[in-house]
Amino acid sequence: MLEVLLAEPFPQTPADMLQLEQRLSVAAAQTADQMVLVQLTRAHEAEAFVRQAIAQARAQSPVPLIHKGFRMTSVLLLGGTRIVIETPYLREDRRGRRGRRRRIRGPHGAGCYPVLEALGIADRVSPATRSEIALHVVQAASYREAAAMLARRGLACDVSRLVRISTATAETSSHLREAALAAALRLPVAPTGPLAGKRVRVSLDGGRVRTRRRHRGRKTAKGRHGFSTPWREPRLLVIDFLDTQGQPDRLRLPLYDVLLGDAEAVWALLIGYLRLLGAAYAEVVEFIADGAEWMWHRVERLSRLAEIPAAKLVEVLDFYHASQYLSETLATCRALPKAQRQALYKRLRHALRHQADGVEVGLEALRALATTHRSKAIPRALGSVETHAHRMRYVTLETRQLPIGSGQVESAVRRVVNLRFKAPGSFWMETTVSGLMHLRAAFKAGRWNEIMIGVITDTFQVPSFEPVDNTGPQPSVAIQERETSQTFVASRKKAA
């Protein structure tokens, strides 16, 4: 196909050039698919590799397997080519069993293709195809948009197949994560974890998605089951590094993860990550969040369950949420003129931010207002400030070069949850949206390859915080010279 395109007349208009480039890109991808087919054929011709794959499949299976010979199956490759290949097939050994044979597939299917699985091929797609499909699903605004974007690059895939592959990928990654973090809760904290000796910031916040719950019972007049669309709160956690100036370390990737569960499940997720990554041996661990009570009621578990020493754990109430709460409280003081309320708010906010005794100044002002006002807002604000007083020492935090705002998790909630899963008219099944948010969080954190390697190898990849080279790999001098000599086009003047 590439030779045919090269034999065509050269493009003479911008539209011709655009079409030629697109056709060449698709043809090159299909040529690459033929090369992949050759490599798959070689893998099946290697008897030692086939025997090893079959032995590995039998060792990992919870039930005995019997070799049923070779079967034909299809595999979708990255260039859009669907190849048909003959490969060994193993199935559960039912010999000697009594009773009727099962006529339906089990939760893991009726059998397996060990050679294909040894190469990371599952659900009839290659590893790179799986990665590209799942990536487009979590990037695009809808399933149909993801299918259209894949079709533009020559990878045609219907919506139902997109959903099946992406949800299976998300389910596998979520199960690997849960197993790894559950083990971290039982094992001792490693002193050589990625967070050891580092300045760490931990944040939690919640978003909103609309779920779909089908009603049981009779169908409607249109033959459908009724359903409700309750709002749920996905909770997102962010773990990142701080430099000596209290700024995020841009050379190291942050860790994002999301869970659509209750507060207890989210805290189990957070504590599992902190134990797995060795936060107990960090230089300092700052936990910063807004004023949501579901977080602060459980924050003491960080010291107890994650084994973080109290001297290293710094709890911070986000300054901007604290300021907003103070403004809303003073707005209830109708006995004061508006200009006077605004002046008082500015004075208290400045004291809170720049004075070591800013909390005491705020408490004194609120107590003075509470004596002349009947509203419950002032006493409630007094109790809140007294509860969070040790988390609002912003001058001390500035001295220690620690941030006082939780903008990083607010931004992560918007980019991970809101921009993809909170569209008007979008209703999600809870298991589906939880898994897809987990994948999108990994993508937004720059950890897509970690997730996909874990899925295709069926192993959990411990998040790495090694410095990342943002400039990308530079080609060697020899490669640069070779590429220059091959792609250089002299101008007419120099050629003359």
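Everything numeric here is computed off the predicted structure, so don't read it as measured data.

Parameters and conventions
- Residues numbered from 1 in each chain as written.
- Predicted model: local features only at pLDDT ≥ 70, side-chain atom pairs only at ≥ 80, totals over all residues.
- Heavy atoms only, no water.
- Helix = DSSP H or I, 4+ residues; strand = E, 2+ residues; numbered from the N terminus.
- Rg over C-alpha atoms; globule rule 2.2 N^0.38 Å.
- Buried < 20%, exposed > 50% of the residue type's maximum accessible area, 1.4 Å probe, protein only.
- Contact = heavy atoms within 4.5 Å.
- Areas by Shrake-Rupley, 256 points an atom, 1.4 Å probe, with all protein chains shown as cover.
- Salt bridge = Lys/Arg side-chain N within 4 Å of Asp/Glu carboxyl O.
- Arc of directions from axis to C-beta.
- Core = buried A, V, L, I, M, F, W, Y, C linked by side-chain atoms within 4.5 Å.
- pLDDT = per-residue confidence, 0-100.
- Axes fitted to C-alpha atoms, helices over the stretch in contact; angles between N-to-C directions.
- Parallel < 35°, antiparallel > 145°, perpendicular 65-115°, else oblique.
- Nonpolar A, V, L, I, M, F, W, Y, C, P; charged D, E, K, R; others polar.
- Pairing = 2+ DSSP bridges.
- Phe/Tyr/Trp six-rings, centres within 6.5 Å; stacked < 30°, edge-to-face > 60°.
- Lys NZ or Arg CZ within 6 Å of the ring centre and 35° of its normal.

(A) The overall build of the chain, seen in detail. Along the backbone of the chain there are 20 helices and 12 strands. For the chain, the C-alpha radius of gyration of 29 Å lies well beyond 23 Å, the compact-globule estimate for 496 residues. With respect to the three principal axes, the spread of C-alpha positions in the chain is 90 × 85 × 60 Å. Scored against the burial criterion, the 496 residues of the chain give a buried share of 42%. Taking the intrachain contacts of the chain between residues at least 6 apart in sequence as the baseline, contacts between residues at least 24 apart amount to 71%. With an accessible surface of roughly 28200 Å², the chain has 54% of that area assigned to carbon and sulfur atoms.

(B) How the structure looks around the pattern of salt bridges. By the definition in use, this model includes 18 salt bridges. Note that R298 is salt-bridged to E264, the shortest N-O span being 2.9 Å. Here R298 is found in the loop between α9 (293–296) and α10 (301–304), whereas its partner E264 is found in helix α8 (residues 263–277), with 34 residues between them in sequence. Under the relative-accessibility criterion, R298 is labelled buried at 17%. Across the salt bridge formed by E450 and R447, the nearest N and O atoms sit 3.1 Å from each other. When its relative accessible area of 4% is taken as the criterion, R447 is described as buried. Beyond isolated ion pairs, a larger network of salt bridges with shared partners links R213, R232 and E430.

(C) Quick peek at unusual backbone geometry. Positioned with a positive phi, Q401 is a non-glycine residue whose angle comes to about 60 degrees. Relative to the elements of secondary structure, Q401 occurs in the loop between α15 (394–399) and α16 (407–421). With phi around 60 degrees, D458 is a residue other than glycine that occupies positive phi space. With respect to the helices, strands and loops of the structure, D458 is situated in the loop between α18 (448–457) and α19 (477–487).

(D) Quick peek at helix α6 (residues 143–152). Listed in full, the buried residues belonging to α6 are Y143, A146, A147 and L150. In a view along the axis of α6, the buried residues occupy a sector of 100 degrees, so they form one face of it. Opposite the buried face of α6, at more than 90 degrees from it, the exposed residues are R144 and R152. Looking at the buried residues of α6, the elements they touch are α5 (127–139), α7 (159–186), α16 and α17 (430–444). Positive backbone phi, approximately 95 degrees, marks G154, located one or two places after α6.

(E) Spotlight on the nonpolar core. Among the nonpolar cores identified, the biggest contains 65 residues, and I239, W267, L274, F287 and Y394 are the most heavily contacted of them. Ranked by residue count, the leading element in this core is α8, at nine residues. What W267 contacts, discounting residues up to four positions off in sequence, is L204, F287, W294, M295, R298, V299 and L302. Counting residues in hydrophobic clusters, the runner-up holds 41 residues, among them L76, A134, A140 and V209.

(F) Local environment of the side chain of D93. With respect to the helices, strands and loops of the structure, D93 is situated in the loop between β2 (82–92) and β3 (111–112). Judged by relative accessible area, which is 16%, D93 ranks as buried.

(G) Seen up close, the confidence of the model for the chain. When the pLDDT values of the chain are averaged, the result is 88; 91% of them are 70 or greater. Low pLDDT, under 50, characterises residues 473–496; the predicted model gives this stretch one contact beyond four residues in sequence or across chains.

(H) Seen up close, the packing of α5 against α7. Two elements in contact, α5 and α7, have axes whose closest approach is 9 Å; the angle formed by their N-to-C orientations is 95 degrees. Between α5 and α7, the crossing angle belongs to the class labelled roughly perpendicular. Facing R130, I133, A134 and V137 of α5, the residues of α7 in contact are L162, I165, S166, A168 and T169. Considering only residue class, the contact of α5 with α7 consists of six nonpolar, two polar and one charged.

(I) Quick peek at the sheet that holds strand β10 (residues 255–259). The strand order across the open sheet built from five strands is β10-β9-β4-β11-β12, with neighbouring strands paired in mixed fashion. Each having just a single partner strand, β10 and β12 (313–317) make up the two edges of the open sheet. Neighbouring strand axes in the sheet, compared pairwise and without regard to direction, differ in orientation by 15 degrees on average. Pairing of strand β4 (residues 199–206) with strand β11 (residues 284–289), which is carried by five bridges, proceeds in the parallel orientation. By the bridge assignment, R201 is partnered in β11 with E286.

(J) A look at the sheet that holds strand β1 (residues 65–76). Strand order in the open sheet made by the three strands is β1-β2-β3, with antiparallel pairing throughout. Of all strands in the sheet, those bounded by a partner on one side alone are β1 and β3. Pairing of β2 with β3 involves two bridges; the strand directions are antiparallel. Of the residues in β3, the one forming a bridge with L90 is C112.

(K) Quick look at the packing of aromatic side chains. By the definition in use, this model includes nine aromatic pairs. When the centroid spacing of 6.3 Å and the interplanar angle of 50 degrees are considered together, the rings of F227 and F427 count as tilted. Here F427 lies in the loop between α16 and α17 and F227 lies in strand β7 (residues 227–228), a separation of 200 residues in the sequence. Grouping aromatic residues by their ring pairs yields a cluster made of Y143, F421 and W428. Sitting over the face of the ring of W294, R235 holds its NZ or CZ atom 4.4 Å from the ring centroid. In this structure, R447 is placed above the aromatic ring of F465, and the distance from its NZ or CZ to the ring centre is 4.7 Å.

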